[in-house]
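# Residue-level structure breakdown
If you want the building blocks of each chain, they are given just below.
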Amino acid sequence: MAKLRRSMFFTLAILALIFTALISISLGAVKIPLEEIIAVFTGSGGGTNRTIIFNLRLPRVLASALVGLGLSVVGTFFQGLLRNPMADPYVLGISSGAAFGATLAIILGLGLFGLSFAAFVSSLLVVFFVYIISRSGRKISMNTMLLAGIAISAFISALISLLMLLNHEEFNRIIFWTMGGFNITSWNTIAFSAPIILIGSSIMYVFSRDLNVILTGEETAEHLGVNTELVKRIILILGSLVTATCVSIGGIIGFVGLIIPHISRLVVGPDNRILLPFSGLVGATFLIFADTLVRFLLRPTEIPIGIITASFGGPFFLYLLIRNKRNKEGM
Amino acid sequence: MSLLKVENLYFSYGKNKVLKGIDFTVYENKMVGIIGGNGSGKSTLLKNISGYLKPDSGSIFIKERNLGDFSIKEKARYIGYVPQEMPYDFEFSSYDVVMMGRMPFLKRFEQEGEEDEKIVREAMEITNTWKFKDKSINALSGGERQRVYIARALAQQAQILLMDEPVSHLDIRYQVEILSLVKELTLKGILVIVVLHDINLASQFCDEIFIMKEGRIMAAGSPKRVLKADKIKAAFDLDVELIHNPVSHIPYVVPTLKKMREFKVI
């Protein structure tokens, strides 16, 4: 029975993903009807549409799907690992580190590749620093990590504000970058990010059963034969890598890594072996959807995707919280 | 062959020496109770035996094999650990929690099979938890939750069961229920080492009692031999009187209260 429900949820999630992706490819300055899209993918479609799909829309859809998947998977894992429902992929200072690198790159005029690279490297540096602080002997304290991440984020945000103040002419670009978007996606970005995000998420998935046990307490997990310190380390490293990749291609897209795991947990329950892939699917769908709105709402201007994710995600999450509270009180 | 042997064990948290030379050997499956004041090292001793903490010096042998030679997974096949009753944030069902006890036996990509399901079911039937197998662990009462944790240790097929104050937060009915269940397990061939706060529960249920004080075992033996007014005075700094329980013939410990006129009115 439970298994049937589960496969139904997965089927629905996959259908929703395909459907949203098709809509996203179809909509835009030039509307491409569904039969055209199918024709192009089967190899018989005509010239202009083919160029639009393969050079503009498909890379965008793929990039937003990858980032949505990556952020949701990492969010799920970090919430479990830190045993904190407020945790998201950015909690260890990755976002502020990336923003700092991006700000520097924009001010120094490093160009697109330089920007992504700077964001990627500086976010990893910050996480590494947080990790070093939180390590005592053989063990890493998750609480210290959380607090150190918050403290360092605050400090770096101050530095960024200062840099923006001193370089007023770049203010808009920096703000726009931090709010995220996929308007500059190319096949190159996908070639670089897809392997890291997909392989990283898959390796993390291997440890989903261990994470289940860690949720019941680190000490208990050790007594059940889980090498908690090793699992923690692997997830922290891979999670940071995946998040840094996501941020470097899409900017700091808020809320996805926080609410998608929660929404998915409400639907399929806490078992990470189910939750993780489901969360990834829902996250991918949600970001494709958000990116479609980005292009559509204020045509011909694009709005930063962070505005969409937060303004949709926030209220929807509140609705779920209230409904969940009612259900519990009803019991 | 000894089941569990602890040899000259020392452990400290940083500079704070907690265990100062623990020695004991257990040869048969029974229920061993550890009592002692706060900070006497009871929980630390348990965590050293479980392998969660590494001793500064000294050794622990399980079936005459050094604990240091066990991998984390191997350890989990011998030692089950039941934590203090605690709240729980995520909504796993009782069945899922007990199934986690099968972790030490599964390879990384191996799925739980029929054999595991059978073992889990047995463990839940012994502990009388099968009836709420689909209920969230959060929705259970403290006593029920504790029974689920015991079921998990059984699913682990542990030969040594370590329990750190398993009944401290439970009401008296559940205390007796849980300890009776554990006592039965010893008859089925499990060695139980349990830290208890309540001396009388220890006296009622345990075959052997260790009294700990300042990181040492200051007395060990059957309740009748160990529970003496002078020893309890030494361990807890408390005057007690011992009353003979006419039904069970085990000692019952009652704190000596000052006489009414000795109470100072503040």
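Located above this text is the structure these notes cover.
Here goes a summary of the coordinates provided. Nothing here was measured: the structure is a model prediction, and the numbers come from that model. Each chain has its residues counted from 1, running along the sequence as written. All chains are assigned letters beginning at A, and all ligands numbers beginning at 1, according to the order in which they are written. Per-residue local features are limited, in this predicted model, to residues with pLDDT of at least 70; the limit for side-chain atom pairs, both in listing and counting, is 80 or more; totals at the level of whole chains, interfaces and linings are taken over all residues. Side-chain numbers here rest on the full set of heavy atoms in the structure, without hydrogens or water.

Helix and strand definitions follow DSSP, with helices as H or I runs of at least four residues and strands as E runs of at least two, each counted in order from the N terminus. The helix and strand inventory of chain A stands at 14 helices and 2 strands. Once the C-alpha set of chain A is aligned to its principal axes, its extents read approximately 60 × 60 × 35 Å. Throughout, exposure labels follow a simple rule: accessible area from a 1.4 Å probe, protein chains only, divided by the maximum for the residue type, with under 20% read as buried, over 50% as exposed, and the rest as partly exposed. The proportion of buried residues among the 331 residues of chain A is 56%. Within chain A, contacts between residues separated by at least 24 positions form 75% of all contacts whose residues are at least 6 apart in sequence. Summing over all exposed atoms, chain A offers an accessible surface of approximately 14,700 Å²; the carbon and sulfur share of this is 72%. Two residues qualify as a contact provided that any one of their heavy atoms is within 4.5 Å of a heavy atom in the partner residue. A 1.4 Å probe and the Shrake-Rupley method give the accessible areas. Residues count as covered only by the protein chains that appear here.

All right, on to the overall build of chain B then. Summing up its helical and strand segments, chain B has 9 helices and 12 strands in all. Referenced to the eigenvectors of the C-alpha coordinate spread, the extents of chain B come out at roughly 70 × 40 × 35 Å. Looking at chain B as a whole, 52% of its 266 residues are labelled buried. The long-range share in chain B, meaning contacts at least 24 apart out of those at least 6 apart in sequence, stands at 66%. When the accessible surface of chain B is split by element, carbon and sulfur atoms take 51% of a total near 13,100 Å². His residues and chain termini do not enter the charge count, which takes Lys and Arg as positive and Asp and Glu as negative. Charged side chains are reduced to one point each, which is NZ for Lys, CZ for Arg, CG for Asp and CD for Glu. The centroid of the 38 positive side-chain charges in chain B is displaced by 5 Å from the centroid of its 35 negative side-chain charges.

Contact residues are listed per partner, giving 24 residues for chain A and 26 residues for chain B. Each salt bridge in this description consists of a side-chain nitrogen of Lys or Arg and a carboxyl oxygen of Asp or Glu lying within 4 Å of one another. Across the contact surface, chain A and chain B share 4 salt bridges. Among the ionic pairs, A:Glu219 bridges to B:Lys47, the shortest N-O distance being 3.6 Å. N or O atoms within 3.5 Å of each other form a polar contact, as long as, within protein, one can give a hydrogen and the other can take it, and as long as residues adjacent in sequence are counted only when both atoms are side-chain atoms. Between chain A and chain B we count 8 residue pairs in polar contact (both at pLDDT 80 or more) in total. For the side of chain A that touches chain B, the secondary-structure elements that each account for two or more residues are helix H9 (208-215) and helix H10 (218-223) of chain A.

Moving on, we get to the pairing of strand S1 (residues 4-13) of chain B. On any regular strand, side chains alternate: one points to one face of the sheet, the next to the other face. Residues and elements named next belong to chain B. Two strands are said to pair when DSSP picks up at least two bridges between them. The sheet contact formed by S1 and strand S2 (residues 16-26) spans 8 bridges and is antiparallel. The residue of S2 that forms the bridge with Tyr10 is Lys20. Connecting S1 to the next strand, S2, in antiparallel fashion are 2 residues, including Gly14 with a positive phi near 60°.

Attention now goes to the side chain of A:Arg295. Residue and element names in this part refer to chain A. As for its placement among the helices and strands, Arg295 is situated in helix H13 (residues 272-296). Judged by relative accessible area, Arg295 falls into the buried class, the value being 12%. Separated by 3.3 Å, the side chain of Arg295 and the backbone oxygen of Leu27 make a polar contact. Beyond its immediate sequence surroundings of up to four residues, Arg295 is in contact with Ser24, Leu27, Arg57, Arg60 and Glu302.

This paragraph deals with the packing of aromatic side chains. Here a Phe, Tyr or Trp ring, Trp counted by its six-membered ring, pairs with any other such ring whose centre lies within 6.5 Å, and the pair is stacked when the planes are under 30 degrees apart, edge-to-face when over 60, and tilted otherwise. The full count for this structure, using the stated rule, is 9 aromatic pairs over all chains. Each member of the aromatic cluster is reached from another via a ring pair, and the members are A:Phe9, A:Phe10 and A:Phe278. Sitting over the face of the ring of B:Phe70, B:Arg65 holds its NZ or CZ atom 4.2 Å from the ring centroid. Only when the NZ of Lys or the CZ of Arg is both within 6 Å of the ring centre and within 35 degrees of the ring normal is a charge said to sit over the ring. Stacked on the ring of B:Phe105, the Lys or Arg B:Arg102 has its end atom at 4.3 Å from the ring centre.

All names here are of chain B. An order of S2-S1-S4-S5 is seen for the 4 strands of this open sheet, with the pairing classed as antiparallel. Here the strands that pair on one side only, and so sit at the sheet edges, are S2 and strand S5 (65-66). Taken together, the 2 bridges between strand S4 (residues 57-62) and S5 define a ladder with antiparallel strand orientation. Across the sheet, Phe61 pairs through a bridge with Asn66, a residue of S5.

A:Trp177, A:Ile235, A:Leu236 and A:Ile253 are the most contacted members of the largest nonpolar core, which totals 124 residues. When residues in this core are grouped by element, the largest group, 9 residues, is from helix H3 (residues 47-81) of chain A. For A:Trp177, the residues in contact, after removing those within four places along its chain, are A:Ala98, A:Ala99, A:Ala102, A:Ile106, A:Leu115, A:Ala119, A:Val247, A:Gly251 and A:Ile252. Core analysis: the next-biggest nonpolar cluster, separate from the first, contains 30 residues, B:Leu3, B:Val18, B:Leu46 and B:Tyr52 among them. Here, nonpolar core refers to any group of buried Ala, Val, Leu, Ile, Met, Phe, Trp, Tyr and Cys residues whose side-chain atoms link them within 4.5 Å.

Let's shift gears to the pattern of salt bridges. All names here are of chain A. By the definition in use, this model includes 22 salt bridges over all chains. Here Glu229 and Lys232 are joined by a salt bridge, their closest N and O atoms 3.1 Å apart. Taken as a pair, Glu229 and Lys232 lie in helix H11 (residues 228-250) at a separation of 3 residues, close to a single helical turn. When sorted by exposure, Glu229 lands in the same class as Lys232, which is buried.

Okay, H11(A) next. Every α-helix winds through 3.6 residues per turn, so residues three or four apart in the chain are directed the same way. All names here are of chain A. One fewer than the residue count of a helix, multiplied by 1.5 Å, yields its expected span. Between the first and last C-alpha of H11 there are 32 Å, a value that for 23 residues agrees with the 33 Å anticipated at 1.5 Å per step. The element H11 is extensively covered by neighbouring structure, given that 18 of its 23 residues are classed as buried. Downstream of H11 by a residue or two, Gly251 has a phi angle that is positive, lying close to 75°.

As a further point, take unusual backbone geometry. Residue and element names in this part refer to chain B. Phi at Glu64 takes a positive value of approximately 65°, unusual for a residue other than glycine. Mapping Glu64 onto the fold places it in the loop between S4 and S5. If you check the backbone angles, Asp237 has positive phi at about 55° while not being a glycine. On the secondary structure map, Asp237 appears in the loop between helix H9 (229-236) and strand S11 (240-244).

From the geometry alone we can't say anything about function, so treat these as descriptive.
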